[in-house]
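Chain and residue survey
As a plain string of letters, each chain reads:
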Amino acid sequence: MDHSANGFHPNAILRDFDYGTVSVLPDGRTLREWEIFSSDEDIEIAPGITFPAWTFNSRIPGPSLRCREGDLLRVRFTNGSEHPHTMHFHGIHPADMDGVPGVGRGVIEPGESFTYEFDAIPFGVHLYHCHVSPLAEHIARGMYGTFIVDPPQDRPPADEMVMVMHGYNTTFDGEGNQLYAVNGIPFHYMHEPVQVRRNELVRIYLVNVLEYDPVNSFHLHGNFFDYYPTGTRLEPSEFTDTVVQAQGQRGICELRFPYPGRYMFHAHKTEFADLGWMGFFEVSE
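These numbers come from a predicted model, not from an experiment.

**Brief notes about the overall build of the protein chain**
A tally of regular secondary structure across the protein chain gives five helices and 21 strands. Against the 2.2 N^0.38 benchmark of 19 Å for 285 residues, the protein chain shows a C-alpha radius of gyration of 18 Å, consistent with a compact globule. Once the C-alpha set of the protein chain is aligned to its principal axes, its extents read approximately 50 × 50 × 35 Å. Taking all 285 residues of the protein chain together, 53% fall into the buried category. Across the protein chain, the fraction of contacts at a sequence separation of at least 24, relative to all contacts at a separation of at least 6, is 71%. Total accessible area computed for the protein chain in this model is approximately 11700 Å², and 52% of it derives from carbon and sulfur atoms. Computing the positive centroid from 19 side-chain charges and the negative centroid from 39, the protein chain places the two 7 Å apart.

Here's what the structure looks like:
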């Protein structure tokens, strides 16, 4: 794969957190600001297969925006695509900032800009995506990203990473996906395993934005993890090796690898795994 031609690399997306431009307001609150643009990009998703994507900041998934609960957020969105788009954030915010047609500013037409402003609540791992009809196509084309709100007190130090589960409907028939992936490129982490250290705490922000399939899943070989649904509580709900998420669901997986070696992770649905949703962790001393 020519990742440089695509303009993004799944290895970089894995641990790339965008904290925005940070300043302090007169009342002492933290203000975070981002510049986000949409664009139409031809992305090579498998050797010889080019996908006409609609993107945030020219990548799939879009940037992983990160902040702390209580921050004031300003996201200036510029539509550089040939199609109308919005940014809809999961979380708690005023109706005018919801990024849906017919409410507030509503649809952002090509060439237009709008600034979404809201408080960062509640803490957890969330997502954002375009909310223009046909909604399924706008999401399936690539218009989504992760939105993380840290709790007031930091979680324990960890090797943190984002895994966004998604797919590609290359026939554009809306009937299913021909390829499945994590962080943009099918099978990428099979060829370039995720590097982690033995006994180090690993924290995975897991998000499912798969379109045209009702559920997705994450299964880890040779280990178990604590799972925090939506990341909005500080105590895990279960200790498991497999979790199922519907579209839009997300959560945090925390684990340590007690033994070195190569450990597979994948969707626990054979079709998804065989068509790209599969990878390895490489655990070293």
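**Observations regarding the sheet that holds strand S9 (residues 124-129)**
The strand order across the open sheet formed by five strands is S1-S5-S10-S9-S7, and the pairing between neighbours is mixed. Across the chains shown, the open sheet's two edge strands, defined by having one partner strand only, are strand S1 (17-18) and strand S7 (88-89). In the sheet, S7 pairs with S9 via two bridges, with the strands oriented antiparallel. Directly across from phenylalanine 89, in S9, lies its bridge partner tyrosine 128.

**A few points about the confidence of the model for the protein chain**
Of all residues in the protein chain, 100% attain a pLDDT of 70 or more, and the chain-wide mean is 98. Confidence scores differ between elements of the protein chain, with helix H1 (residues 3-6) showing the lowest mean pLDDT of 95 and strand S14 (residues 202-208) the highest of 99.

**Thoughts on the nonpolar core**
Met163, Ile204, Phe218 and Phe281 are the most contacted members of the largest nonpolar core, which has 28 residues in total. Excluding anything up to four places from it in sequence, phenylalanine 281 contacts Met161, Met163, Pro193, Val194, Val196, Ile204, Leu220, Phe257, Gly261, Arg262, Tyr263 and Phe265. With 25 residues, the next largest nonpolar core counts Phe8, Phe51, Ile60 and Ala181 among its residues.

**Topic: the sheet that holds strand S12 (residues 179-182)**
Here we have six strands laid out as an open sheet, ordered S12-S11-S14-S19-S16-S17, and mixed in their pairing. The sheet is open, and its two edges are formed by S12 and strand S17 (238-240), each paired on a single side. Adjacent strand axes in the sheet meet at a mean angle of 25 degrees, parallel and antiparallel pairs treated alike. Here strand S16 (residues 225-229) runs beside strand S19 (residues 250-255); their pairing, made up of four bridges, is antiparallel. Looking across to S19, one finds that tyrosine 228 is bridged to isoleucine 252.

**Side note on unusual backbone geometry**
Omega for the peptide link from isoleucine 121 to proline 122 comes to -10 degrees, which places this bond in the cis form. As for its position among the elements, proline 122 is in the loop between strand S8 (113-119) and S9. Proline 134 follows serine 133 through a cis peptide bond whose omega is -5 degrees. By the element assignment, proline 134 lies in the loop between S9 and helix H3 (135-140). Even without being glycine, asparagine 199 reaches a positive phi, approximately 70 degrees. Mapped onto the elements, asparagine 199 comes out in the loop between strand S13 (194-197) and S14.

**So, the pairing of strand S10 (residues 144-150)**
Along any regular strand, the residues point their side chains to alternate faces of the sheet. Of all the seven residues making up S10, seven are buried; the element is thus mostly covered by neighbouring parts of the structure. Here S10 shows a buried face lined by Tyr144, Thr146, Ile148 and Asp150 and a second buried face lined by Gly145, Phe147 and Val149. Here four bridges tie strand S5 (residues 64-68) to S10, and the two strands are oriented parallel to one another. When the bridges of S10 are listed, leucine 65 appears paired with phenylalanine 147. Where S9 and S10 come together, six bridges link them in antiparallel fashion. Counted as the bridge partner of tyrosine 128 is glycine 145 from S10.

**With respect to the pairing of S19**
Counting buried residues along S19, six of its six residues qualify, which places the element largely inside the surrounding structure. Taking every second residue as pointing to the same face, both faces of S19 are buried, with Arg250, Ile252 and Glu254 on one and Gly251, Cys253 and Leu255 on the other. Where S14 and S19 come together, six bridges link them in antiparallel fashion. Bridging across to S19, arginine 203 finds its partner in glutamate 254.

Rules used throughout
Residues numbered from 1 in each chain as written. Predicted model: local features only at pLDDT ≥ 70, side-chain atom pairs only at ≥ 80, totals over all residues. Heavy atoms only, no water. Helix = DSSP H or I, 4+ residues; strand = E, 2+ residues; numbered from the N terminus. Rg over C-alpha atoms; globule rule 2.2 N^0.38 Å. Buried < 20%, exposed > 50% of the residue type's maximum accessible area, 1.4 Å probe, protein only. Contact = heavy atoms within 4.5 Å. Areas by Shrake-Rupley, 256 points an atom, 1.4 Å probe, with all protein chains shown as cover. Lys, Arg positive; Asp, Glu negative; His and termini not counted. Charge placed at Lys NZ, Arg CZ, Asp CG, Glu CD. Pairing = 2+ DSSP bridges. pLDDT = per-residue confidence, 0-100. Core = buried A, V, L, I, M, F, W, Y, C linked by side-chain atoms within 4.5 Å. Axes fitted to C-alpha atoms, helices over the stretch in contact; angles between N-to-C directions.

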